[in-house]
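Observations on the three-dimensional arrangement
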Amino acid sequence: GYLVMGAASKFVASTTTYPLQVIKARLQQRSQVVELSEAGEIVVTKREYSGVLDCVGKISRNEGFGGFFKGCLTNAIRVAPSAAITFV
């Protein structure tokens with residue numbers, strides 16, 4: 001009983017707040033990315049997002065609603081067992 005309630009509550013909480021985690025993670029990425037091109041040249045790419053609203057707009061436009069939940073199931077599977085044990 002308590003194990004299931006603990007896991008279910010954490011699953012609901014993490015799924016509800018996951019879009020905010022995605023936005024936060026995308027904004028925290030490096031402002032400049034240095035990569036090596038196929039030709040062997042160094043390429044510097046500038047920041048992808050200029051702010052929170054820009055990030056939300058680009059995610060929804062380029063990836064759709066599901067873009068806010070990329071990795072959500074994996075995260076829920078990771079955190080639910082510990083929450084279930086803690087709840088007991």
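A brief structural summary. Only a predicted model underlies this, so the values are computations on that prediction, with no experimental measurement involved.

In a packed pair of helices, the relevant descriptors are the angle between the two axes and the axis-to-axis distance. Helix H3 (residues 72-87) packs onto helix H1 (residues 2-28) with a crossing angle of 140° between their chain directions and a minimal axis gap of 7 Å. Between H1 and H3, the angle is such that the two are oblique. Judged by the twist between their axes, the crossing of H1 over H3 is right-handed. For the pair H1 and H3, the contacting residues are Tyr 2, Leu 3, Met 5, Gly 6, Ala 7, Lys 10, Phe 11, Ser 14, Thr 15 and Tyr 18 in the first and Cys 72, Asn 75, Ala 76, Val 79, Ala 80, Ala 83, Ala 84, Ile 85 and Phe 87 in the second.

Attention now moves to the side chain of Ser 14. Position of Ser 14 relative to the elements: it lies in helix H1. Classification of Ser 14 as buried rests on a relative accessible area of 8%. Residue contacts for Ser 14: discarding those within four places in its chain leaves Asn 75, Ala 76 and Val 79.

Let's shift gears to the nonpolar core. Membership of the largest hydrophobic core is limited to eight residues, which are Tyr 18, Val 22, Ile 23, Tyr 49, Cys 55, Ile 59, Phe 68 and Cys 72. Going through the elements one at a time, H1 and helix H2 (52-63) are the ones with two or more residues in this core. The element contributing the most residues to this core is H1, with three residues. If we skip the residues at most four places from it in the chain, Ile 23 touches Val 52, Cys 55, Val 56, Ile 59 and Phe 68.

Conventions we followed
Residues numbered from 1 in each chain as written. Predicted model: local features only at pLDDT ≥ 70, side-chain atom pairs only at ≥ 80, totals over all residues. Heavy atoms only, no water. Axes fitted to C-alpha atoms, helices over the stretch in contact; angles between N-to-C directions. Helix = DSSP H or I, 4+ residues; strand = E, 2+ residues; numbered from the N terminus. Parallel < 35°, antiparallel > 145°, perpendicular 65-115°, else oblique. Left-handed = near helix turned anticlockwise from the far one by under 90°. Contact = heavy atoms within 4.5 Å. Buried < 20%, exposed > 50% of the residue type's maximum accessible area, 1.4 Å probe, protein only. Core = buried A, V, L, I, M, F, W, Y, C linked by side-chain atoms within 4.5 Å.

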